[in-house]
Amino acid sequence: MYNGIMEYRNRFADNILKEKLEAKGAVLVEGPKWCGKTTTSANLAKSILYMEDPEKKEQNIKLASIKPSILLKGETPRLIDEWQLSPSLWDAVRFEVDKRNEFNQFILTGSAVPADTEKIFHSGTGRITRMLMRPMTLFETGDSNGSVSLKGLFSSDYEISGYKESSLERIAYLICRGGWPKSLDCSEKIALEQAIDYYDAVVNFDISRVDGKERNSERAKLIMRSYSRNIGSQVKYEEIRKDILGNDINSFSIDSLYDYVNALKKIFVIEDSAAWNPNLRSKTAIRTTDTRYFVDPSIATASLGLGPNDLINDLNTMGLLFENLCVRDLRVYAQCLDGQIYHYRDKNDLECDAVVHLRNGSYGLVEIKLGGEKLIEEGVKTLLSLEKHLDTTKMKEPSFKMVITATGDYAYKREDGVAIVPISCLGA
């Protein structure tokens, strides 16, 4: 076991990666940079090849092109970090997995910038599987006690009970800090700088490095700011383009916008939420536009130049960014259950912030509110209304209905069956 990492914090990705290795010869760990891909993989690996080691980088790249099998030797699972420096390693790993005919052989990690696929000849299907890592959840950072389990909510006899003190000020800080591992165990000022540094790197370097195509950093900033102002909405790209044109840009085509957005998606900065398409009792039309989110809410605050105090002074904006935080955590918790997160909205504007949908067809409905009796009641009303619209003769009934809140110290289940759960009590 690799033991060169001090005070390693357990991640949900630990078990997911272990399970994937048990079922495949190799695993490609993907996700935004700085989310902990290499650290988590190194914690499980038995041997490691750091392709970018300055003292060996040139040699490693030469060996990868001449005789890659030498680089693949080592105790398994063997981690190959920054493998994309020599994309031919992909085919070498695939071939070696075939030759050994064993699972649990290799872990591939690297920059969020994808490899040059033109130098890869085989997809790796059946030999190499993919795993997506995201920034840390509040449970992983120690800011949630996980007293309410998402897995438990799918059980009919699960007792919902939890307590953890929290405050609006603390949640505002957690939104701005984000789930970046480097932001932990340091002062609040230094912690908040991590998201800002991440944002600066994305707009100034990564958005062009993704495919070697030069892109304008100022336009990248405008796009990310517009995306941030539309967090949690189903705004169409044409509206984002108009928003950008309102910032003293003479021309910016829709194709150019798609190009920038797709680049941000490739490096896992943007992670929209797809629409849920259930069976309904009526012929209500379902809106299919994705809901706009970043992979972490701190990217939005960095884009807008906002800090915790700014959010406290603008609760409408804070509510939308809190929604992004909750969706981030729900995605990680659902991943542990082999589930996905969707959103729902129909032509009558009946909307559900998140739908947790498992592979077996089970699902739960989620509304996200900052807190307070009025907002919670609005969330409950939405959940009960959507439940009535579902045709349960053609699909299962929802396993649970939940309102996630920022404030409120207690988690409990109401008489109408809706669970009220502070985010600081939620876990996998």
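As a convention, each chain's residues are numbered from 1 in the sequence order in which they are written. It should be noted that, the model being predicted, local features are given only for residues of pLDDT at least 70 and side-chain atom pairs only at 80 or more, the latter also being counted only at that level, while totals for whole chains, interfaces and linings use all residues. Excluded from the side-chain calculations are hydrogens and water; all other atoms, namely the structure's heavy atoms, are used.

Here we look at the pattern of salt bridges
Between side chains of opposite charge, pairing is possible as soon as their charged atoms come close.
Move 1: In what follows, salt bridge is the name for a side-chain nitrogen of Lys or Arg lying within 4 Å of a carboxyl oxygen of Asp or Glu. Applying the stated criterion to the full structure yields 32 salt bridges.
Move 2: Here Arg94 ties to Asp98 by a salt bridge, and the two come within 3.3 Å at their closest N and O atoms. Of the two residues, Arg94 and Asp98 both sit in helix α4 (residues 88–100), four residues apart, roughly one turn of that helix.
Move 3: A salt bridge links Glu387 to Lys401; the shortest N-O distance between them is 3.3 Å. Here the residue Glu387 occupies a position in helix α15 (residues 373–389), and Lys401 occupies one in strand β11 (residues 400–405), the gap between them amounting to 14 residues.
Move 4: Here the salt bridges share partners, and the residues they tie into one network are Asp211, Lys213, Arg215 and Asp259. Under the DSSP-based scheme used, a helix requires at least four consecutive residues in state H or I and a strand at least two consecutive residues in state E, with every element numbered from the N terminus.

Description of the sheet that holds β11
Move 1: Taken in spatial order, the seven strands make up an open sheet running β7-β12-β13-β11-β10-β9-β8, and their pairing is mixed. Only two strands of the sheet have a single partner each, and these edge strands are β7 (162–163) and β8 (339–345).
Move 2: In the sheet, β8 pairs with strand β9 (residues 351–358) via six bridges, with the strands oriented antiparallel. Bridge pairing in β9 places Ile341 opposite Val356.
Move 3: Contacts between helix α14 (residues 315–336) and the sheet are confined to β8, β9, β10 (363–369) and β11, with β8 contributing the most and set at about 140 degrees to the helix.
Move 4: Any pair of residues with heavy atoms lying within 4.5 Å of one another is described as a contacting pair. To obtain each axis, a line is fitted to C-alpha atoms, and for helices this fit is confined to the stretch in contact; angles are then taken between N-to-C directions over 0 to 180 degrees. Sheet strands in contact with α15 are β8, β9, β10, β11 and β13 (418–422), and its direction is about 155 degrees off that of β10. Criterion used throughout: strands pair if DSSP finds at least two bridges between them.

Describing the environment of Tyr333
Move 1: Mapped onto the fold, Tyr333 is located in helix α14.
Move 2: Owing to a relative accessible area of 0%, Tyr333 belongs among the buried residues under this scheme.
Move 3: For the pair Tyr333 and Phe12, spaced 321 residues apart in sequence, the C-alpha to C-alpha distance is 7.9 Å.
Move 4: In contact with Tyr333, not counting residues within four places along its chain, are Phe12, Thr137, Leu138, Phe139, Leu150, Leu426, Gly427 and Ala428. Relative accessibility thresholds used throughout: buried, under 20% of the residue-type maximum; exposed, over 50%; partly exposed, between the two (1.4 Å probe, protein chains only).

Section: the sheet that holds strand β2 (residues 47–50)
Move 1: Taking strand neighbours across the sheet as the criterion, the five strands line up as β2-β3-β4-β1-β5 in an open arrangement whose pairing is parallel. Looking at which strands have only one partner, the edges of the open sheet turn out to be β2 and β5 (128–132). For this sheet, the mean angle separating the axes of adjacent strands, direction not counted, is 20 degrees.
Move 2: As paired elements, β2 and strand β3 (residues 78–81) share four bridges and run parallel to each other. Within β3, the position partnered with Leu49 by the bridge is Ile80.
Move 3: Across the sheet, helix α1 (residues 12–23) touches β1 (26–30), β4 (106–109) and β5, and the angle it forms with β5 is around 170 degrees.
Move 4: This element, α4, spans β1, β3, β4 and β5 of the sheet and lies at about 165 degrees to β4.

So yeah, pure geometry; function would need other evidence.
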